[in-house]
Amino acid sequence: MDHVRDLVGYSGSASPDISWPNGGRVAVNFVMNYEEGSEYSIGDGDGKSDTVLTEVSSPRVPVGQRDLAAESMFEYGSRVGFWRIYRLFQETGLPMTVFASALALERHPEVAQALRDTDWDMVCHGWRWVEHYLLDEATERDHIARGHEVISRLIGRPPEGFYCRYGPSTATRRLVVEHGGYSYDSDAYNDDLPYWCTVGGRSHLVVPYSQVTNDAKLVGGPLVTGRAFGEFLIDSFEGFVAEAHLHPRMMSVGMHTRILGHPGRLAGLRMFIDHIKGHKEAWICRRSDLAQHWRLHVPPPAPEVAA
């Protein structure tokens, strides 16, 4: 069966006792989700406008009609929000990972070129920002392959990881491994550390993501202000630091250009960056760096030999 559940994991004290580079014990990975232009739309034949992770909790426009307000909120992310976040990370010199939906990059060549000119690492966020659990297997296989090809061509380097919208299908991980171009996936929320699993008899690395330290909480969620988000990120980081003597941890900070790309919200991110920059326990890294370090220091377990 695809995706056998593992409710045990590292069992608390069994976590690998390693340090991140420079002796850090908390790996912090900033993740920009770039999805605008690849979401569901009437123009792309989906029969509806996407309203997820926008400023309106209860859309007014009936399904089947174009929701021009929601469309314009997505457009804000690519027209304005991306550049605001981009400039912040260029100014601070911090590394970043980009979860990019390939079609969104195709529709904004300037964004693709800007990312091409950085050393930020790319993760394929699907060919489009659609639910993979609604796709049949042949279509999902095509989306996984097409996303890899488009990002490789536009950015000039391939996406090392894969992460689809919200939740994978039961076939997603198997199809990602079968593709062969991805070295890990992030379609899991079940740990604060990477871990190995077996897919089709092969060892496969999972680098979990987080919906907790994610700006999605700022729209329709419990947080309202950027300052509250920044304080929550600081509290989360300090919680990991308090455990540093027990085991290393990783912290993913999820950012969306149409959400965190607004000035009042970005102020909270600046608060968090000021708090961790130069902190002795923090290793601020790309996701590919994190995966590479894990493969080097925590190699996959040896295959079991039948008696």
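Since the model is a prediction, treat every value here as computed from it, not as a measurement. (Residues numbered from 1 in each chain as written. Predicted model: local features only at pLDDT ≥ 70, side-chain atom pairs only at ≥ 80, totals over all residues. Heavy atoms only, no water.)

**Details of the overall build of the chain**
Reasoning step 1: A count of helical and extended segments in the chain gives eight helices and nine strands.
Reasoning step 2: Considered along the principal axes of its C-alpha atoms, the chain spans approximately 60 × 45 × 35 Å.
Reasoning step 3: For the chain, the proportion of contacts with a sequence separation of at least 24, taken over those separated by at least 6, is 73%.
Reasoning step 4: For the chain, the accessible area works out to roughly 13800 Å², and carbon and sulfur atoms hold 52% of it.
Reasoning step 5: Averaging the positions of the 30 positive and the 40 negative side-chain charges in the chain gives two centres separated by 3 Å. (Helix = DSSP H or I, 4+ residues; strand = E, 2+ residues; numbered from the N terminus. Contact = heavy atoms within 4.5 Å. Areas by Shrake-Rupley, 256 points an atom, 1.4 Å probe, with all protein chains shown as cover. Lys, Arg positive; Asp, Glu negative; His and termini not counted. Charge placed at Lys NZ, Arg CZ, Asp CG, Glu CD.)

**Looking at a nonpolar patch on the surface**
Reasoning step 1: A cluster of nonpolar side chains, contributed by Y133, L134, Y166 and Y189, occupies part of the molecular surface with about 480 Å² of accessible area.
Reasoning step 2: With respect to the helices, strands and loops of the structure, L134 is situated in the loop between β3 (121–124) and α4 (137–155).
Reasoning step 3: Residue classification places L134 among the exposed positions, given a relative accessible area of 60%. (Patch = residues over 30% accessible without salt bridge, like charges linked within 9 Å, V, L, I, M, F, W, Y side chains within 5 Å. Salt bridge = Lys/Arg side-chain N within 4 Å of Asp/Glu carboxyl O. Buried < 20%, exposed > 50% of the residue type's maximum accessible area, 1.4 Å probe, protein only.)

**As for α4**
Reasoning step 1: Relative to the 27 Å expected for 19 residues at 1.5 Å per residue, α4 spans 27 Å between its end C-alpha atoms, a close match to the ideal helical length.
Reasoning step 2: Within α4, the full set of buried residues consists of E140, H143, I144, G147, H148, V150, I151 and I155.
Reasoning step 3: For α4, the secondary structure elements touched by its buried residues are β2 (97–100), α2 (102–106), α3 (109–116), β3, β4 (161–162) and α5 (172–179).
Reasoning step 4: The residue sitting at the N-terminus of α4 and contributing the capping side-chain oxygen is D136; that oxygen lies 3.1 Å from the backbone nitrogen of A138. (Expected span 1.5 Å × (residues − 1). Polar contact = N/O pair within 3.5 Å; in protein donor to acceptor, adjacent residues only side chain to side chain.)

**Description of the nonpolar core**
Reasoning step 1: The biggest cluster of nonpolar side chains holds 57 residues, and the ones touching the most others in it are F30, F89, M255, L269 and F272.
Reasoning step 2: Counting residues per element, this core draws most heavily on helix α6 (residues 226–242), at six residues.
Reasoning step 3: Ranked by size, the runner-up nonpolar core spans 26 residues in total, among them I18, Y163, A291 and W294. (Core = buried A, V, L, I, M, F, W, Y, C linked by side-chain atoms within 4.5 Å.)

**With respect to the pattern of salt bridges**
Reasoning step 1: Counted by the stated rule, this structure contains 20 salt bridges.
Reasoning step 2: Notably, a salt bridge pairs R258 with E35, separated by 2.9 Å at the nearest N-O pair. Of the two residues, R258 is situated in the loop between β8 (249–256) and α7 (263–276) and E35 in the loop between β1 (26–34) and α1 (68–92); the sequence distance between them amounts to 223 residues.
Reasoning step 3: Here the residues in one salt-bridge network are D44, D46, R107 and R128, joined through shared partners.

**Things to note about the packing of α4 against α5**
Reasoning step 1: Here α4 crosses α5 at 50°, and the two axes come no closer than 10 Å. Classified by the angle between their axes, α4 and α5 sit oblique to one another. By crossing handedness, the relation of α4 to α5 is classed as right-handed. Residues E137, E140, R141, I144, A145 and H148 of α4 pack against T172, R174, L175, V176, E178 and H179 of α5.
Reasoning step 2: Looking at the contact of α4 with α5 residue by residue, the classes come out as four nonpolar, three polar and five charged. (Axes fitted to C-alpha atoms, helices over the stretch in contact; angles between N-to-C directions. Parallel < 35°, antiparallel > 145°, perpendicular 65-115°, else oblique. Left-handed = near helix turned anticlockwise from the far one by under 90°. Nonpolar A, V, L, I, M, F, W, Y, C, P; charged D, E, K, R; others polar.)

**A few points about the side chain of E131**
Reasoning step 1: Along the chain, E131 falls in the loop between β3 and α4.
Reasoning step 2: Lacking a salt bridge, the buried E131 has R165 as its closest oppositely charged neighbour, with an N-O distance of 4.2 Å.
Reasoning step 3: In contact with E131, not counting residues within four places along its chain, are Y40 and R165.

**What to know about the packing of α6 against α7**
Reasoning step 1: It is at 6 Å that the axes of α6 and α7 come closest, and there the two elements cross at 25°. It follows from the interaxial angle that α6 and α7 lie roughly parallel. Considering the relative orientation of α6 and α7, their crossing is right-handed. The segment α6 lies against α7, with G226, R227, G230, E231, L233, I234, F237 and E238 engaging G264, R265, G268, L269, M271, F272, H275 and I276.
Reasoning step 2: Of the residues that constitute the contact of α6 with α7, the class distribution is seven nonpolar, five polar and four charged.

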